[in-house]
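Here is how the chains run, residue by residue.
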Amino acid sequence: MGNDSIKIRTPATVSNVSCGFDCLGYAISEPADIVTVTKTDNQDIDISLSGIGADKIPTTTKKNTAGKAVLSFLDFFGEKKGFKIHIEKGIHPGSGIGSSAASAVGAAFGVNKLLGSPLSLEELLVHCINGEIVSSGTAHGDNVAPALLGGFILIRINGSPDIIKLPVPKNLISIIVLPEYQINTQDARNILPKNVSLKSAIKQSGNISGFIAGLYESNFELMSRSMVDLFAEPFRRGLIPGYDSIHQAAMESGAIGCGISGSGPSIFALSYSKERAEIIGKEIVKGFQKVGLNSKLFISSIHTHPPEILD
Ligand code: HSE
């Protein structure tokens, strides 16, 4: 595309992964956003959109996650530069699979590349998180970090973030089922309690630790036992029609674990094989049908690389 333009493919992501509310996420190969960034002669950041749900996304730079991520990046350098950013949405907005994060990451990654990569991926992350704040109201990196770095990412934000890339067990397959309706992330965050009990905190700490140990040891049984959420799922499951029976059906069909992807409404599950993933996916789709909802199934390996440069 020449030195003034770049086209980036940024993957969808599953955050929380049941036991890691706001600090754990993974990237999947499909679906993805395609973000084209082009240098201009002025000092504006112009956003345009096409594709799935494009009409629901603001194009005002400061209100758009991609625009905000780029403004954060340029402010950091004190640079006054102009870019056109076109986002071709492949990831449904409001789906719980990191739609806004993918756009923010694609734009920030593209601008960084066009400026000669002054920032490492880890340094770029904070600007992607600043973009993501526009959509969810808080600084959490559990979608942007895996979209930017690939694989399973543990992210702890306490001052400057620690980003830890975790191993991906061989044969691990992700299942996503996206029903035909949306949940607003801020609404799904507002229903969460402000405090959790010590008992829940202890159980959840054990679960996330167990899950991570399971990834390191490729121990699917330990991962399975650990995929329990006490922080968000108990309060959000009522937002998803049929959730309890869908969860049960997925587990009975052999899922390693199943839960709400991010703030929903997508449901995710993990499987130890592609064949098993097809069976689990069909059960989840059937579960949504029973409550009158059409849905879309994505079966995918874990995407283990940074965003792809297409052109
Ligand atoms: N961890 C976030 C949440 C992801 O569950 O609210 C949503 O973007």
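Each remark here, short or long, concerns the structure printed above.
This is a predicted model, so every value here is computed, not measured.

Some points on a nonpolar patch on the surface
Side chains of I191, F235 and L239 sit close together on the surface and give an oily, nonpolar patch of about 230 Å² of accessible area. Note that L239 resides in the loop between helix 8 (233–236) and helix 9 (243–252).

Looking at the environment of K199
Tracing the sequence through the fold places K199 in helix 6 (residues 198–217). Overall, the relative accessible area of 61% leaves K199 in the exposed class. Spatially, the C-alpha atom of K199 lies 32 Å from that of A147, the residues being 52 residues apart in sequence.

Brief notes about the pattern of salt bridges
If the charged atoms of two oppositely charged side chains come close together, the side chains can form a pair. Applying the stated criterion across every chain, the model contains six salt bridges. Of the charged contacts, one joins D22 and R189 as a salt bridge, the two residues approaching to 2.7 Å between their closest N and O atoms. Separated by 167 residues along the polypeptide, D22 in the loop between strand 1 (5–15) and strand 2 (24–40) and R189 in helix 5 (residues 185–190) bring together distant segments of the chain. Under the relative-accessibility criterion, R189 is labelled buried at 16%.

Comments concerning the site of the ligand
As a matter of local geometry, the ligand sits amid S15, N16, F21, D22, H140, D142, N143, T185, R189, R236, G262 and S263. The separation between a nitrogen atom of the ligand and a polar side-chain atom of D22 is 2.6 Å. Contact between the ligand and N143: an oxygen atom at 3.4 Å from a side-chain N or O atom of the residue. Taking 260 Å² as the accessible area of the ligand by itself, protein coverage stands at 96%. Taken together, the residues of the shell around the ligand sort by class into one nonpolar, seven polar and four charged. Here the shell around the ligand spans two domains, and each of domain 1 (5–165) and domain 2 (173–301) adds at least three residues to it.

Some details on the side chain of H127
With respect to the helices and strands, the residue H127 is situated in helix 3 (residues 121–136). Once residues within four sequence positions are removed from consideration, H127 is found in contact with A69, S72, F73, F76 and L119.

Notes on helix 3
Spanning 16 residues, helix 3 covers 22 Å between terminal C-alpha atoms, matching the ideal 22 Å at 1.5 Å per step. Along helix 3, the residues that are buried comprise L124, L125, H127, C128, I129, G131, E132 and S136. Tucked into the core, helix 3 has its buried residues touching helix 1 (65–77), helix 2 (99–114), helix 4 (144–149), strand 5 (152–156), strand 6 (162–166) and helix 5. Of the residues flanking the end of helix 3, it is G137, one or two places downstream, whose phi is positive at about 85°.

Observations regarding unusual backbone geometry
Geometrically, the link from E30 to P31 is a cis peptide bond, its omega value of 0° lying close to zero. Summarising the element assignment, P31 is placed in strand 2. Residue G264 is joined to P265 through a cis peptide bond whose omega torsion reads 5°. Mapped onto the fold, P265 is located in the loop between strand 8 (257–260) and strand 9 (267–271). Even without being a glycine, V17 presents a positive backbone phi close to 50°. Along the polypeptide, V17 turns up in the loop between strand 1 and strand 2. On the accessibility criterion, V17 (0% relative accessible area) is buried. Despite not being glycine, D22 has its phi angle at roughly 65°, a positive value.

Reading guide: rules and limits
- Residues numbered from 1 in each chain as written.
- Predicted model: local features only at pLDDT ≥ 70, side-chain atom pairs only at ≥ 80, totals over all residues.
- Heavy atoms only, no water.
- Patch = residues over 30% accessible without salt bridge, like charges linked within 9 Å, V, L, I, M, F, W, Y side chains within 5 Å.
- Areas by Shrake-Rupley, 256 points an atom, 1.4 Å probe, with all protein chains shown as cover.
- Salt bridge = Lys/Arg side-chain N within 4 Å of Asp/Glu carboxyl O.
- Helix = DSSP H or I, 4+ residues; strand = E, 2+ residues; numbered from the N terminus.
- Buried < 20%, exposed > 50% of the residue type's maximum accessible area, 1.4 Å probe, protein only.
- Near = heavy atom within 4 Å.
- Polar contact = N/O pair within 3.5 Å; in protein donor to acceptor, adjacent residues only side chain to side chain.
- Nonpolar A, V, L, I, M, F, W, Y, C, P; charged D, E, K, R; others polar.
- Domains from an automatic or database assignment.
- Contact = heavy atoms within 4.5 Å.
- Expected span 1.5 Å × (residues − 1).

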